[in-house]
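Summary of structural features
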Amino acid sequence: MMYVMKKFILSLLKILCILGFAALIIFKYNWIQIHIINRCEGMFYVYKGDRAYHKYKLSYAIQYYQRGLALYPKHYSAWYNLGNIFVVYEDYFSAVEAYEEAIKHNKKYVVARMNLGIIQAEKLGNFDAAIEQYDAIINTKYRLWFIPFIFSNKKSSKINKGLAYYNRGRAYREKATYLPDEQRNLTTMLLLKSADSYEKACKILKKNSDARYNLALVYHLLGNYRDAGKNYCKAIELAPMNYEAHYNLAILLRRMKRFKASLEELEKASLLISTSGTSVNAEYIFGILADVSRSYVDYKYDPMYIKYYENDTDNQEVTVDKQKKHRRNKKNKDDSIDSYVDEKGKIKSTSELDKGIMKNMSRCAGYSYFRNESNEY
């Protein structure tokens, strides 16, 4: 009797389950279609899109992503990849829409916000929209994960904030550059905001030469020659082979009438640009070099110039002791050069020579001027 009763109850439960499932299908069909069937099918097409994307079959990737997102629009990484593809095809408006969809479904999607800001500023000239994205990255509080010896996102979160400050500095500077004539009175304010952003970026991205260089450039535009020179020098120390930093520093030194130091930096810039194969820029730099050389000769013996820079070693009389020291240094220098030359008189490529070149390039002409001088130029 107990066995029959137990069997009856089990059969009844099966019937109820079947009836419940049937009722769910009938009355909740749309919910099942959207949240289960469409989602699974959409994920399948996104998977195929990812495969095409990584194989650089971009036209196929677009088709698969669009089909997948039509079924499952909340897949934010698919929107992000679709935005990247539109950037490759230079369809920037479609890229903006794709990145905005990615952010809509994931408010803390840093790379999507960063790319959206770059496209808005660099390609579409919408600087305010770009700054809005960078501010969102800076102000968002991210959950920090730390598993000893395995995983930590603390460093990457800090770097992302530094990059947001850096890109915000670029956006403010470019906005200042492209202001219409009736708003030119806002230029200084925007450049100061740019400098502030770059300063914060440099505190985080301590070894980023681009951040230092751009900070120097903004101070140069503001007429703050001391801070401009100091940061050009720091940029050169971090990236000695960046000819633009050497060139801009030379122009700054020329403006300050430090012609000898300007010549030194122009020679480095001309050497770097001549080895890069860019003939147009090289010709321009050589023209500036010739101009500064003439200015140095003209001003070298000008009484007013000597009086203004009476403490400058470029213009002091050379004593007998200094002459001996100069000859001794020259001899040591000649000896060191001989060690890099073979029997046929050709320069031997050695690691010591490479280190010597890098050391020479990383030296900043006139650093003491910027460290000690005021901004009265």
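Okay, so let's go over this structure. (Residues numbered from 1 in each chain as written. Predicted model: local features only at pLDDT ≥ 70, side-chain atom pairs only at ≥ 80, totals over all residues. Heavy atoms only, no water.)

With 14 residues, helix 3 (residues 58–71) should reach 20 Å at 1.5 Å per residue; the first-to-last C-alpha distance of 20 Å fits that figure. Along helix 3, the residues classified as buried are Leu 58, Ala 61, Ile 62, Tyr 65, Gly 68 and Leu 69. In a view along the axis of helix 3, the buried residues occupy a sector of 140°, so they form one face of it. (Helix = DSSP H or I, 4+ residues; strand = E, 2+ residues; numbered from the N terminus. Expected span 1.5 Å × (residues − 1). Buried < 20%, exposed > 50% of the residue type's maximum accessible area, 1.4 Å probe, protein only. Arc of directions from axis to C-beta.)

Bringing the packing of helix 4 (residues 76–88) against helix 6 (residues 110–123) into the picture now. Two numbers describe how helix 4 lies on helix 6: the axes approach to 11 Å, and their chain directions differ by 25°. For the element pair helix 4 / helix 6, the angle class is roughly parallel. The element helix 4 and its partner helix 6 pack so that their crossing is left-handed. Contact residues: helix 4 offers Tyr 80, Asn 84 and Val 87, while helix 6 offers Val 111, Ala 112, Asn 115 and Ile 119. In terms of residue class, the contact of helix 4 with helix 6 is made up of 5 nonpolar, 2 polar and no charged. (Axes fitted to C-alpha atoms, helices over the stretch in contact; angles between N-to-C directions. Parallel < 35°, antiparallel > 145°, perpendicular 65-115°, else oblique. Left-handed = near helix turned anticlockwise from the far one by under 90°. Contact = heavy atoms within 4.5 Å. Nonpolar A, V, L, I, M, F, W, Y, C, P; charged D, E, K, R; others polar.)

Per the counting criterion, the structure on display carries 8 aromatic pairs. Geometrically, the ring pair formed by Tyr 76 and Tyr 109 is edge-to-face, given 5.2 Å between the ring centres and 75° between the ring planes. You can see Tyr 76 sitting in helix 4 and its partner Tyr 109 sitting in the loop between helix 5 (92–105) and helix 6, a full 33 residues away along the chain. Put simply, the rings of Tyr 76, Tyr 80, Tyr 99 and Tyr 109 touch in pairs and so form one group of aromatic residues. (Phe/Tyr/Trp six-rings, centres within 6.5 Å; stacked < 30°, edge-to-face > 60°.)

Before going further, it helps to spend a moment on the nonpolar core. If you look at the biggest cluster of nonpolar residues, it comprises 45 residues, and the most contacted ones within it are Tyr 232, Leu 249, Leu 252 and Phe 370. Within the residue set of this core, elements represented by two or more residues are helix 6, helix 7 (127–139), helix 8 (154–177), helix 9 (187–204), helix 10 (209–222), helix 11 (225–238), helix 12 (243–255) and helix 18 (367–372). The contact partners of Leu 252, leaving out residues within four places of it in the chain, are His 220, Tyr 225, Ala 228, Gly 229, Tyr 232 and Phe 370. (Core = buried A, V, L, I, M, F, W, Y, C linked by side-chain atoms within 4.5 Å.)

Where helix 11 meets helix 12, the closest approach of the two axes is 10 Å, and the angle between their N-to-C directions is 150°. Our classification of the angle between helix 11 and helix 12 gives roughly antiparallel. In this structure, the crossing between helix 11 and helix 12 has a hand that is left-handed. On the side of helix 11, the interface is formed by Tyr 225, Ala 228, Gly 229, Tyr 232, Cys 233 and Ile 236, while helix 12 contributes Ala 245, His 246, Asn 248, Leu 249, Leu 252 and Arg 255. Residues of the contact of helix 11 with helix 12, tallied by class, amount to 8 nonpolar, 3 polar and 1 charged.

Attention shifts here to unusual backbone geometry. Within the chain, Tyr 56 stands out as a residue other than glycine whose phi angle is a positive 65°. Within the fold, Tyr 56 resides in the loop between helix 2 (29–54) and helix 3. Since its relative accessible area comes to 58%, Tyr 56 is described here as exposed. Backbone geometry places Lys 257, a non-glycine residue, at a positive phi of 65°. Note that Lys 257 resides in the loop between helix 12 and helix 13 (259–276). The class for Lys 257 is partly exposed, based on a relative accessible area of 34%.

Before going further, it helps to spend a moment on the pattern of salt bridges. Under the counting rule described, the total for this entry stands at 8 salt bridges. A salt bridge links Lys 175 to Asp 128; the nearest nitrogen and oxygen atoms lie 2.6 Å apart. Remark: Asp 128 occurs in helix 7 and Lys 175 occurs in helix 8; sequence separation between them is 47 residues. Looking at Asp 128, the relative accessible area reads 48%, which means it is partly exposed. Here Asp 227 makes a salt bridge to Arg 226, at a shortest N to O gap of 3.9 Å. We classify Arg 226 as partly exposed; its relative accessible area is 30%. (Salt bridge = Lys/Arg side-chain N within 4 Å of Asp/Glu carboxyl O.)

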